[in-house]
Amino acid sequence: MSRRSKVLLGIGAGLLLVSMLITGFKILFSPANKVLVVTMTQDATQADRQALKDACGGLPGVVLVKDQGDPSASVQGRFPVRFDLGKATGKQEADLTSCINLHGSKVRGFLSEGDN
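Student: When you look at the overall build of the protein in this model, what are you seeing that I'm missing?
Tutor: Along its length, the protein carries four helices and four strands. Reading the protein from its N end, one meets helices and strands in the order α-β-α-β-α-β-α-β. Residue burial in the protein is summarised as follows: out of 116 residues, 24% are buried. Long-range contacts, defined as pairs at least 24 residues apart, comprise 73% of the intrachain contacts of the protein with a sequence gap of at least 6. When the accessible surface of the protein is summed, it comes to about 8,000 Å², and 62% of that surface belongs to carbon and sulfur atoms.

This is how it looks when you write it as structure tokens:
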């Protein structure tokens, strides 16, 4: 094998190793991808959704996920409310659950999406 081939092979192996290390560290040290999805009852209105967002969206460790799509109340009222729990501790998640339970008459249920 010529010297040129050895150098190119070494550079390629080095690039491969560096890209694997960067990707691995990014995956290991990124926050969890965890979202709590709260489904509202059939008769819940946009005002009920907003009341839940206002009451529970400002808790420590909880980030309210912004609504997507058409912003009109008649459209958004049908969709669940989402809370990002990527950096929340166990106690902060429990506090969010307690806050959601206070709105029990308008909440059908909730589930966790992403990393558990």
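Student: Honestly, the packing of aromatic side chains in this entry has me stumped. Any pointers?
Tutor: Each aromatic ring pair is specified by the distance between its two centres and by the angle formed by the two planes. The full count for this structure, using the stated rule, is one aromatic pair. An angle of 10 degrees between the planes, with centres 5.8 Å apart, marks the rings of Phe25 and Phe29 as stacked. On the criterion of helical spacing, the pair formed by Phe25 and Phe29 is a turn pair, its members being four residues apart in helix α1 (residues 3-29). Overall, Phe25 belongs to the partly exposed group, its relative accessible area being 48%.

Student: Explain the packing of helix α2 (residues 46-56) against helix α4 (residues 90-101) here, please?
Tutor: Any two packed helices are characterised by the angle at which their axes cross and by the distance between the axes. Where α2 meets α4, the axes come as close as 10 Å, and the angle between the chain directions of the two elements is 145 degrees. Judged by the twist between their axes, the crossing of α2 over α4 is right-handed. Note on element contacts: α4 touches α2 through Leu96, Cys99 and Ile100, opposite Leu52, Ala55 and Cys56. Classifying every residue of the contact of α2 with α4 by side-chain character gives six nonpolar, no polar and no charged.

Student: Looking at this structure, I do not really get the state of the cysteines. What am I missing?
Tutor: By definition, a disulfide links the sulfur atoms of two cysteines through a covalent bond. Applying the stated criterion across every chain yields a total of one disulfide. A sulfur-sulfur distance of 2.0 Å marks the disulfide that ties Cys56 to Cys99. Looking down the S-S bond of the Cys56 and Cys99 bridge, the torsion is -95 degrees, so its handedness is left-handed. Of the two residues, Cys56 sits in helix α2 while Cys99 sits in helix α4, which places them 43 residues apart along the sequence. The exposure class assigned to Cys99 is buried, which follows from its relative accessible area of 9%.

Student: Teacher, can you tell me more about the pairing of strand β1 (residues 34-40) here?
Tutor: Look at any regular strand and the pattern is simple: side chains alternate between the two faces of the sheet. Of all seven residues that make up β1, six are buried, and the element is covered over most of its length. Examined bridge by bridge, β1 and strand β4 (residues 107-114) share seven bridges and lie antiparallel to one another. Its bridge partner lying in β4, Val37 is registered against Leu111. Note that β1 and strand β3 (residues 81-84) share four bridges and pair antiparallel. Bridged to Val37 within β3 is Arg82.

Student: Quick question: what am I supposed to make of the sheet that holds β4 here?
Tutor: In a beta sheet, neighbouring strands pair by backbone hydrogen bonds and run either parallel or antiparallel. The strand order β2-β3-β1-β4 describes an open sheet built from four strands, whose pairing is antiparallel. The sheet is open, and its two edges are formed by β2 (63-64) and β4, each paired on a single side. Across the face of the sheet, α2 comes into contact with β1, β2 and β3 while running at roughly 15 degrees to β3.

What counts as what
- Residues numbered from 1 in each chain as written.
- Predicted model: local features only at pLDDT ≥ 70, side-chain atom pairs only at ≥ 80, totals over all residues.
- Heavy atoms only, no water.
- Helix = DSSP H or I, 4+ residues; strand = E, 2+ residues; numbered from the N terminus.
- Buried < 20%, exposed > 50% of the residue type's maximum accessible area, 1.4 Å probe, protein only.
- Contact = heavy atoms within 4.5 Å.
- Areas by Shrake-Rupley, 256 points an atom, 1.4 Å probe, with all protein chains shown as cover.
- Phe/Tyr/Trp six-rings, centres within 6.5 Å; stacked < 30°, edge-to-face > 60°.
- Axes fitted to C-alpha atoms, helices over the stretch in contact; angles between N-to-C directions.
- Left-handed = near helix turned anticlockwise from the far one by under 90°.
- Nonpolar A, V, L, I, M, F, W, Y, C, P; charged D, E, K, R; others polar.
- Disulfide = S-S within 2.5 Å.
- Pairing = 2+ DSSP bridges.

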